[in-house]
Amino acid sequence: MIRPPEHVAAIRPYLPGKPIEELERELGISGSIKLASNENPTGPSPKAVDAIKSIADNLNRYPDGNGYYLKNKLAERLSVSPDEIILGNGSNELLDIAARTYMEPGDEAVMAHPSFVVYSMAVQSIGAKAVQVPLKDYRHDLSAMRNAVTGGTKVVFIANPNNPTGTINKKDEFDHFMEGLPDSVLVVVDEAYFEYVSEKDYADSMKWFRSGRDILILRTFSKIYGLAGLRIGYGIAKAGIVTEMNKIRAPFNTGTMAQAAALGALDDDEHVRKSRGTNEEGKKYLYNELNNLGLEYVPTEANFIYMPVKDSMALYEKLLRDGVIIRPMGPNAVRVTIGLPEENKRFIEAIKK
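None of the values given here were measured: they were computed from a predicted structure.

Details of helix H13 (residues 312-320)
Line of reasoning, step 1. For H13, the set of buried residues is Ser312, Tyr316, Leu319 and Leu320. Buried residues of H13 fall within an arc of 105° about the axis and therefore sit on the same side.

Some details on the pattern of salt bridges
Line of reasoning, step 1. In the structure shown here, the tally under the stated rule is 16 salt bridges.
Line of reasoning, step 2. Here Lys34 and Glu39 are joined by a salt bridge, their closest N and O atoms 3.3 Å apart.
Line of reasoning, step 3. Among the ionic pairs, Glu289 bridges to Lys352, the shortest N-O distance being 4.0 Å. Highlighted residues: Glu289 in helix H12 (residues 269-293) and Lys352 in helix H14 (residues 341-352), separated in sequence by 63 residues.
Line of reasoning, step 4. Members of the salt-bridge network, linked through shared partners, are Glu289, Glu349 and Lys352.

Focus on the environment of Leu35
Line of reasoning, step 1. Summarising the element assignment, Leu35 is placed in the loop between strand E1 (33-34) and helix H3 (46-54).
Line of reasoning, step 2. You can call Leu35 buried: its relative accessible area is 1%.
Line of reasoning, step 3. Taking the C-alpha atoms as reference points, Leu35 and Glu296, separated by 261 residues in sequence, lie 18 Å from one another.
Line of reasoning, step 4. Excluding residues that lie within four positions of it along the chain, Leu35 makes contacts with Val324, Ile325, Ile326, Arg327, Arg335, Val336, Thr337, Gly339, Glu343 and Phe347.

Quick word on the packing of aromatic side chains
Any aromatic ring pair is given by two values, namely how distant the centres are and how the planes are angled relative to each other.
Line of reasoning, step 1. In total, this model carries nine aromatic pairs according to the counting rule given.
Line of reasoning, step 2. Relative to Phe252, the ring of Tyr62 lies with its centre 4.9 Å away and its plane at 20°, an arrangement referred to as stacked. On the criterion of sequence distance, the pair formed by Tyr62 in the loop between H3 and helix H4 (68-78) and Phe252 in the loop between helix H10 (239-248) and helix H11 (256-266) is long-range, its members being 190 residues apart.
Line of reasoning, step 3. Assessed through its relative accessible area of 68%, Tyr62 is described here as exposed.
Line of reasoning, step 4. Look at Phe252 and you get partly exposed, because its relative accessible area is 40%.

Examining the layout of surface pockets
Line of reasoning, step 1. Empty space within the second largest pocket amounts to approximately 220 Å³.
Line of reasoning, step 2. In terms of lining, the second largest pocket is formed by Leu295, Glu296, Met307, Pro308, Val309, Leu315, Lys318, Leu319, Asp322, Ala350, Ile351 and Lys353.
Line of reasoning, step 3. For the lining of the second largest pocket, the secondary structure elements donating two or more residues are strand E9 (304-308), H13 and H14.
Line of reasoning, step 4. Ranked by residue count, the leading element in the lining of the second largest pocket is H13, at three residues.
Line of reasoning, step 5. Counted by class, the lining of the second largest pocket contains eight nonpolar, no polar and four charged residues.

What counts, and where the lines are drawn
- All residue numbers refer to positions counted from 1 along the written sequence of the respective chain.
- Local features in this predicted model are restricted to residues whose pLDDT is 70 or higher, and side-chain atom pairs enter the listing and the counts only when it is 80 or higher, whereas totals over whole chains, interfaces and linings include all residues.
- The side-chain numbers reported here are obtained from all heavy atoms of the structure, hydrogens and water having been left aside.
- Accessible area is worked out with a 1.4 Å probe on protein chains only. A residue is then buried under 20% of its type maximum, exposed over 50%, and partly exposed in between.
- For helices the rule is a DSSP run of H or I covering at least 4 residues; for strands it is a run of E covering at least 2, with both sets numbered from the N terminus onward.
- What the arc measures is the spread of directions leading from the helix axis to the C-beta atoms.
- Criterion for a salt bridge: a side-chain nitrogen of Lys or Arg within 4 Å of a carboxyl oxygen of Asp or Glu.
- Whether two residues are in contact is decided by their heavy atoms: any pair within 4.5 Å suffices.
- Aromatic rings from Phe, Tyr and Trp, taking only the six-membered ring of Trp, are treated as a pair when their centres fall within 6.5 Å; an angle between ring planes under 30 degrees marks them as stacked, one over 60 as edge-to-face, and anything in between as tilted.
- Points on a 1 Å grid over protein atoms alone make up a cavity when a 1.4 Å probe fits among them but cannot get out, and a pocket when they form an open set with protein on both sides within 12 Å along at least five of seven lines; lining residues each have an atom within 4 Å of a point.
- Grid points are joined across faces, edges and corners, and a volume is the space filled by probe spheres set on the points.
- Only Asp, Glu, Lys and Arg are considered charged in this grouping, and only Ala, Val, Leu, Ile, Met, Phe, Trp, Tyr, Cys and Pro are considered nonpolar; every other residue, Gly among them, is considered polar.

This is the structure we're talking about:
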């Protein structure tokens, strides 16, 4: 049988959470709740749903391959040029495109660990090396990451907030990191959860974009906008970087429904406020209950909570049989999405049990 290159064969595939229906069928249970994938429990923006309905009769046509209207609307909101925006099939795709555009076999990319697993997968898939720097106090250790940069480093990946820990890097430390970094390195800042951040000292990545640095800022409609099922995200970078990435980007990589829904969601500030409010209330409730139970957790700036535990798979399997689906993160931690009030309560009751 034909074999792939060794660097591809060695990749451990990303294992997404199973759909509720599949797990219920396997276990013979019903009425489960899913707190495993950091989805927005309030659902999609109603304006996004209306936008999808309005274009349903045109699905026989290919989508707008350039995403003209969505890029222009984003550009207006962000005070950038449309040429400085690239659309992706989720921000996931843009991670892969960035690696393929700016790296070749033997190059290095620096990233934190644990962080979003797709960074290392994207790098390894092209035969490059993922240099993983351990977190410090559950946060990106930007000083250590800067020290890990060598002449062979082409890309640095930073998740802010970090997935799976929900922690952030603040302005001063991020600015210090950027000031000390060679101009030859592309900094990819993954801000998938930035709309949930309440900390006022959150790092300002756009400041560095506006200063002309080689930085790619990634954001998504999957989280607070509730459009995870449509797979649409975007990147912000200098026009020259976007031009090069577009050479790799597949034609029609974002669908008609996804573009329409994203346009609708951008007009739905009320849905964003509601989603953020639901998350903040759920966070306070879970903090209080976990404190009462004496359970360790990492304070979060995202829509999930990271909990160090002794045996993640044992906890996962016990909760699963109670119809509560969470996400194991290695052998000694789990990640729990902040849900609706009734879902958070059910999680706590299952934990007590």
